[in-house]
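Structure at a glance
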Amino acid sequence: MKSPKKNAHIQKLLKKKTQLKSVSSKPKFKTMKRKPPPFIKRKGSAYFQHHQLSYRLPLILLVASLFILIIAIPSLIVLPQNKNNEATEPADDFTIMNEQQQEAISVAVMRTKADVVEDVSLENYIVGVVAAEMPVTFEMEALKAQAIAARTYTVNHLLTNDEDSYDITDTVQDQVYKNNDELKQLWGSAYEDNIKKIKAAVESTRGEILTYEDAPIMPAYFSMSNGYTENSEDYWEKELPYLRSVPSPWDLENPKLVNQETFTKAELEERLGITLSSDAADHITIARSDSGRVSQFTMDENTFTGREIRDKLELRSTDFSVKQANDHYIFTTKGNGHGIGMSQYGADSMAKEGKNYEDIVKHYYQGIDISTLDEAAPTLVSK
């Protein structure tokens, strides 16, 4: 039997051994190093940098493609179109297009008062004619109709003119024309707005003319009718198939339709080159055309055409009647102008009703077409 003291010592040793075993069996986490799995790479490694770039590259390409589609390509499409059209506002002159696009056809205009010839490009000349021949207050479609009629008249004249020193005059003998300086003086502070409107009308019909059977027509026009236009042969000698009498009822509503001119017996004898009896008004015979205008006028056995009376007495139209008041003769006229072709006031009224310039010209010029200069006047363009 062991002694109590010895047993106590043995138990003490066993307890100490047990404690040491318990301490040595705890895991040592602080000193333990674990290798990461093969598919996990650290951020600073070359492997991570390579794959990070592989993800960024498609994104960069996508953004670049969107930039090209949205910005670059449209810019390339727009820029060539604007290359030769840098001026967006009209210049202070009649220039409608830049130098590279200017109409090659020129018109030599005889400036009657100054007795000089002014060379003007065709389209700029039409601007000056429309501004001088039709009130700028008229509707845009009426101004367009005037522009295409004026251009046709000019082209027809250029093709048939035999004059060497000039192409056309600036008077009612052909077409009234005013240049830039004259229009500035005429319009004053309203010049900028007015010229812009006229240019727009001319530009919208650029290069267009009126044709009949593929040839330019003689596009006569005048201020205001008596309710009908006139057949060409009833005023001129030549019958033209497109210058037929058509209704123009809009003119009857014009407050300036009727006008009166009074002449003494002496004035009438001098202008007509005749001698009148004291009761000459009782010996007047008048024959009228289908349009109501005077075709033949006889007074005291002196016979004239309606056109001759109009020209000699400077009447507004050939639709007139005569009354005698003592020693005076009163001529009452209806309308203004020769009455052939397009009525300008009628055109304006048609435009106010919603008609466009094609409707207008095809009403006043029967059976015509709208053609281009290249189609109808290739020899003129080639010059």
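Sequence positions are assigned chain by chain, starting from 1 and proceeding in written order. Residues qualify for local features only when their pLDDT is at least 70, as the model is predicted, and side-chain atom pairs are given and counted only at 80 or more; totals for whole chains, interfaces and linings, by contrast, use all residues. In computing side-chain values, all of the structure's heavy atoms are included and hydrogens and water are not.

Here we take up helix α6 (residues 191-204). Taking 1.5 Å per residue as the helical rise, α6 with its 14 residues ought to reach 20 Å, and the 20 Å between its terminal C-alpha atoms agrees with that figure. All of the buried residues in α6 are Tyr191, Asn194, Ile195, Ile198, Lys199, Ala201 and Val202. Along the axis of α6, the buried positions cluster into a sector of 160°, meaning they face one direction only. In α6, those exposed residues whose orientation departs by more than 90 degrees from the buried face are Asp193 and Lys196. For helices the rule is a DSSP run of H or I covering at least 4 residues; for strands it is a run of E covering at least 2, with both sets numbered from the N terminus onward. In this analysis, the expected span of each helix is defined as 1.5 Å times one less than the number of residues it contains. Burial classes: relative accessible area under 20% of the type maximum marks a residue as buried, over 50% as exposed, and values in between as partly exposed (1.4 Å probe, protein chains only). Starting at the helix axis, one direction is taken to each C-beta atom, and the arc is that of these directions.

With that out of the way, let us pick up the sheet that holds strand β11 (residues 320-325). Spatial strand order, β7-β12-β11: three strands in an open sheet with antiparallel pairing. If you trace the sheet from one side to the other, it starts and ends with β7 (258-264) and β11, each paired once. Each adjacent strand pair in this sheet contributes to an overall mean axis angle of 20°, direction not counted. When DSSP finds at least two bridges between two strands, those strands are taken to pair. Relative to strand β12 (residues 328-334), β11 runs antiparallel, the two being bridged by six bridges. For Ser321, the partnering residue across the bridge sits in β12 and is Thr332. Interaxial angle, 0 to 180 degrees, is taken between N-to-C directions of lines fitted to C-alpha atoms, where a helix line uses only the stretch in contact.

A general feature of soluble globular proteins is that nonpolar side chains tend to end up buried together. Think of a nonpolar core as a cluster: buried Ala, Val, Leu, Ile, Met, Phe, Trp, Tyr and Cys residues, connected wherever their side-chain atoms sit within 4.5 Å. The biggest cluster of nonpolar side chains holds 59 residues, and the ones touching the most others in it are Tyr125, Ile126, Trp187, Ile198, Met342, Ile360 and Tyr365. Examining the composition of this core, we find that ten residues originate from one element, helix α4 (residues 140-160), more than from any other. Contact definition: two residues touch when any of their heavy atoms are within 4.5 Å. Other than its neighbours up to four places away in sequence, Ile126 contacts Ala147, Ala150, Arg151, Thr154 and Val202. In this structure, Leu268, Phe297, Phe304 and Tyr329 belong to the second largest nonpolar core, which totals 17 residues.

Helix length check: helix α3 (residues 122-133), at twelve residues, gives a terminal C-alpha distance of 16 Å against a target of 16 Å (1.5 Å per residue), a fit within 8%. Across the twelve residues of α3, eleven count as buried, placing the element largely inside the fold. All buried positions along α3 are accounted for by Leu122, Glu123, Asn124, Tyr125, Ile126, Val127, Gly128, Val129, Val130, Ala131 and Glu133.

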